[in-house]
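The chain contents come next:
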Amino acid sequence: MWSRGSGSFPSSNVLHSQIMNAMENKTSTVRYPEFGHHWPGMWLSSFLISLRLFAHLTCSVLSGAGDDFLSMAECQYIIKHQLEALRAEDETHVPGYSQAKLYPGKSIIRRLQSKGILVQMFPLHDKEELKRLSFSWYRTVRLSLQPLDAIRRYFGEGQALYFGFLEYFTIALLPMAVLGVPYYLFDWENYDKYVLFAVFNLVWCTVLLEVWKRYSATLAYCWGTLSRKKAFEEPRPGFHGVLGLNPVTGRKEPVFPSVSRQLRIYLVSLPFVLLCLYLSLYVMMIYFQLEGWALSVYDEDPTLWTEVLTYIPSIVYAVVIEAVNLLYRYAAEFLTEWENHRRESSYQNHLVLKVLVFNFFNCFASLFYIAFVMQDMLLLRQSLATLLITSQVLNQLMEAFLPYWLQRRRNKKMIRKVLRRRAIEEKELPLAEQVRLEADMNTYLGTFDDYLELFLLFGYVSLFSCIYPLAAVLVVLNNITEVYSDAFKMCKLFKRPFADPAGSIGVWQLAFETISVIAVVTNCALIGMSPQVKAYFPESATQLILWTVAVEHLLLGFKFILAFLIPDVPKHIRVKLAQIEFESLEALKKKVNHLLVVFKLNRNGSEKQLIELKVRQSCLTDQQSPSDPIRPF
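Residues numbered from 1 in each chain as written. Predicted model: local features only at pLDDT ≥ 70, side-chain atom pairs only at ≥ 80, totals over all residues. Heavy atoms only, no water.

1. Some remarks on the overall build of the protein chain
Next up, step 1: What the protein chain contains, in helices and strands, is 23 helices and six strands.
Next up, step 2: Taken across its 633 residues, the protein chain has 45% of its residues classed as buried.
Next up, step 3: For the protein chain, the exposed surface amounts to about 33600 Å²; the carbon and sulfur share of it is 64%. (Helix = DSSP H or I, 4+ residues; strand = E, 2+ residues; numbered from the N terminus. Buried < 20%, exposed > 50% of the residue type's maximum accessible area, 1.4 Å probe, protein only. Areas by Shrake-Rupley, 256 points an atom, 1.4 Å probe, with all protein chains shown as cover.)

If you want it as structure tokens, here you go:
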């Protein structure tokens, strides 16, 4: 079991020396008496620090960084990883709790939480660091960019990349917003002028995502996480199965048949998702019946009240969409957890796929129906504006104002104590009171919902830009308030989350790129359906369809060519990565050669070990030979 003493996390100098010793002796362990646990030196790279990341750090950093060798977020991630890696082997129950049975291969921490023995596990906020971060982040209104490096040091790379993407997305929307205002003020019936705006939007979507790849690669390189995904990925904490031996690592870990997982996915999860899509379609048809009834009432008696009535079905439908999305999210999480994925990346991919398919259908199916079945552009513009504005208002209420109000009610007594102590700002709260205060805070569930919100906003902007150009303006205003509200939530309303190391926004990059491809088809079809374009083909609807498809294919081809021409990683970073790769291989070759010399001199090893060393030497020589240098371009 994990035992925590009264000591603190070891300093970076101690950590550095012990890591170096562990790297010299592959069988040694790094022991921290404060935590009463052994860390095998040969597996340090599997959870945070790899040889590639060490090569990224210069000798001056290692020797002069002091306690900044690892950030607070990285220290917390190491502790969390080791806690979650604890799995039962021969134990039958938790010591002192005979009712809490343990099963081989299952996570001990998860078992303690399910039995109520371990109520919560979270890191405490550092008041001084949090105060400095708050003043440079959201407590003062300024035109400067967010302090992404400070956010990364305090919360980790995952949160820093989200806020970086939110900031980048907001700035990238400004050209669309500036062009959208005059287009919105012109006559709606003239669709010819929207052709250029739609083409600009499609090019903008491509450039936006490709430039973000380069920017995120730069951030990840500076933070040392750009190559992190290449490392071996360990089992996620929730993964369970019969305890077996991993043939790659040689360590004990749970084993779960892949066939069982596939059966759960295709026989349970997939039918459930299809059923939810059918129910969403049924709710959408009820919305259209209410919309038709409201329009008939307005046609019979066109007054102010009946005009207001025409907006009620759209507002109610938007509220229903948000509620159904929330319920489906819980069901998708349960199903994905039940599927028992071994890797965290696989778990996230399946969860994101389930949620994105349903949310896309639930939010945009009615708009596609109005656009391509009913072909009512005025109703499409009205529905798009209503859904966009209503969803933004609901998100702000649910994400910022409601949690703030609920927390003030729950913690009313504790907040009064805090307010009484504000007169002595230099004096910190006692540790016990700080723990009680933060234990009652809401738990931060990660960046999933935040990225999902940006995904839907990106869809509203890109899919129907030629119908409602003002959408970019509304999204910019929403994102500006989102930056401050999300920062306030992270610092004041939520427990401090454990760090989530990341080198990119992951599967969300693919989700945004998919939306940009669908946007090409949608905008071309909307322009082809306009009366002005139909006037050019008065006798043949087939020619109109063929010309629309041809233009759509040309724009898609241009989009893919543009994406190909813009490298995902900047040139100077590719060069540095190639240098790191070269230096790492050279260091490994020297190490292998040194071991060969020692082995031959001492002659205390077996012939099998000698052959293994020679094979490693040959592989390293073949991997990087003088006649085949690394090509970074």
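2. Re the UniProt feature "transmembrane region" (unreviewed entry) in the protein chain
Next up, step 1: Per the UniProt record, "transmembrane region" (unreviewed entry) is annotated on residues 160-182, 194-212, 265-288, 308-330, 351-372, 384-406, 454-477 and 544-566.
Next up, step 2: Between the end C-alpha atoms of residues 265-288 the distance is 33 Å, and the span holds 100% helix and 0% strand.
Next up, step 3: As annotated, residues 308-330 has a helix share of 91% and a strand share of 0%, and its two end C-alpha atoms lie 34 Å apart. (UniProt positions renumbered as here; feature names shortened; annotations may be inferred.)

3. Regarding the pattern of salt bridges
Next up, step 1: Tallied over the entire structure, the rule returns 13 salt bridges.
Next up, step 2: A salt bridge links E513 to K213, with the nearest nitrogen and oxygen atoms 2.9 Å apart. Remark: K213 occurs in helix 9 (residues 194-223) and E513 occurs in helix 19 (residues 507-528); sequence separation between them is 300 residues.
Next up, step 3: Look at E513 and you get partly exposed, because its relative accessible area is 22%.
Next up, step 4: Members of the salt-bridge network, linked through shared partners, are E210, K213, E513 and D568. (Salt bridge = Lys/Arg side-chain N within 4 Å of Asp/Glu carboxyl O.)

4. A closer look at unusual backbone geometry
Next up, step 1: Here the phi dihedral of N340 falls at roughly 65°; this positive angle occurs in a residue that is not glycine.
Next up, step 2: Looking at the element boundaries, N340 is found in the loop between helix 12 (312-339) and helix 13 (344-374).
Next up, step 3: Unusually for a residue other than glycine, Q375 sits at a positive phi of about 55°.
Next up, step 4: Residue Q375 is classed as partly exposed on the basis of its relative accessible area of 43%.

5. With respect to the environment of A519
Next up, step 1: Inspection of the secondary structure puts A519 in helix 19.
Next up, step 2: Classification of A519 as buried rests on a relative accessible area of 0%.
Next up, step 3: As for A519 and G459, which are separated by 60 residues in sequence, their C-alpha atoms are 7.9 Å apart.

6. Section: the packing of aromatic side chains
Next up, step 1: For the structure on display, the rule yields 30 aromatic pairs.
Next up, step 2: Ring centres of Y287 and Y317 lie 4.4 Å apart, and the angle between their planes is 10°; on these two criteria the pair is classed as stacked. Of the two residues, Y287 sits in helix 10 (residues 258-300) while Y317 sits in helix 12, which places them 30 residues apart along the sequence.
Next up, step 3: Y287 gets classed as buried once you look at its relative accessible area, which sits at 4%.
Next up, step 4: When the ring of F360 is compared with that of F368, the centres are 6.2 Å apart and the planes differ by 50°; the resulting orientation is tilted.
Next up, step 5: On the basis of relative accessible area, F368 is assigned to the partly exposed category, the value being 22%.
Next up, step 6: Here the guanidinium or amino end of R236 rests over the ring plane of Y347, the centre of that ring lying 4.1 Å away. (Phe/Tyr/Trp six-rings, centres within 6.5 Å; stacked < 30°, edge-to-face > 60°. Lys NZ or Arg CZ within 6 Å of the ring centre and 35° of its normal.)

7. Some words on the side chain of K489
Next up, step 1: With respect to the helices and strands, K489 occurs in helix 18 (residues 471-493).
Next up, step 2: Only 3.0 Å separates the side chain of K489 from the side chain of D486, close enough to count as a polar contact. (Polar contact = N/O pair within 3.5 Å; in protein donor to acceptor, adjacent residues only side chain to side chain.)

8. Section: a nonpolar patch on the surface
Next up, step 1: Taken together, V283, L304, W305, V308, Y311, I312, I315, V316, V319 and V320 make up a surface patch of nonpolar side chains, about 880 Å² in accessible area.
Next up, step 2: Mapped by element, the contributors of at least two residues to the nonpolar patch are helix 11 (304-309) and helix 12.
Next up, step 3: According to the relative accessible area criterion, Y311 is partly exposed, its value standing at 37%. (Patch = residues over 30% accessible without salt bridge, like charges linked within 9 Å, V, L, I, M, F, W, Y side chains within 5 Å.)

9. Concerning the packing of helix 6 (residues 127-137) against helix 7 (residues 148-155)
Next up, step 1: Axis separation between helix 6 and helix 7 bottoms out at 10 Å; the angle between their running directions is 150°. As the angle between them shows, helix 6 and helix 7 are arranged roughly antiparallel. With respect to the hand of their crossing, helix 6 and helix 7 are arranged in left-handed fashion. Here helix 6 contributes E129, L130, L133 and W137 to the contact with helix 7, which in turn contributes A150, I151, Y154 and F155. (Axes fitted to C-alpha atoms, helices over the stretch in contact; angles between N-to-C directions. Parallel < 35°, antiparallel > 145°, perpendicular 65-115°, else oblique. Left-handed = near helix turned anticlockwise from the far one by under 90°. Contact = heavy atoms within 4.5 Å.)

10. So, helix 13
Because the α-helix completes a turn every 3.6 residues, residues three or four places apart line up on one side.
Next up, step 1: Spanning 31 residues, helix 13 covers 43 Å between terminal C-alpha atoms, matching the ideal 45 Å at 1.5 Å per step.
Next up, step 2: At F364, helix 13 is bent by approximately 45°, the largest bend along its length. (Expected span 1.5 Å × (residues − 1). Bend = angle between axes of the 7 residues up to and from the residue.)

11. Observations regarding the confidence of the model for the protein chain
Next up, step 1: On average, the protein chain scores 75 in pLDDT, and the residues at 70 or more come to 75%.
Next up, step 2: Low pLDDT, under 50, characterises residues 422-426; the stretch is placed with zero contacts to residues that sit more than four places away or in other chains.
Next up, step 3: When the criterion is pLDDT under 50, residues 625-633 qualifies, and its contacts beyond four places in sequence or with other chains add up to 11 contacts. (pLDDT = per-residue confidence, 0-100.)

12. Brief notes about the nonpolar core
Next up, step 1: Grouped together as the largest cluster of nonpolar side chains are 105 residues, with contacts concentrated most on W137, W204, L380, F455, F464 and W508.
Next up, step 2: Considering each element in turn, this core owes the most residues, 13 residues, to helix 8 (residues 157-185).
Next up, step 3: With residues near it in sequence (within four places) discarded, F464 still touches F364, L367, F368, A371, L380, L384, G459, T522, N523 and L526.
Next up, step 4: A88, V94, L102 and L112 belong to the second largest nonpolar core, which has nine residues in total. (Core = buried A, V, L, I, M, F, W, Y, C linked by side-chain atoms within 4.5 Å.)

13. Thoughts on the packing of helix 12 against helix 13
Next up, step 1: In the contact formed by helix 12 and helix 13, the axes pass within 9 Å of each other and the chain directions differ by 160°. The orientation of helix 12 with respect to helix 13, classified from their angle, is roughly antiparallel. At the point where helix 12 passes helix 13, the crossing takes the right-handed sense. Contacts between helix 12 and helix 13 involve Y317, I321, V324, N325, Y328, R329, A332, E333, L335, T336, E337 and E339 from the former and Y347, H350, L351, K354, V355, F358, N359, N362, C363 and S366 from the latter.

14. Side note on the environment of L130
Next up, step 1: Topologically, L130 is positioned in helix 6.
Next up, step 2: Looking at L130, the relative accessible area reads 5%, which means it is buried.
Next up, step 3: Placed 362 residues apart in sequence, L130 and K492 show a C-alpha to C-alpha distance of 9.4 Å.

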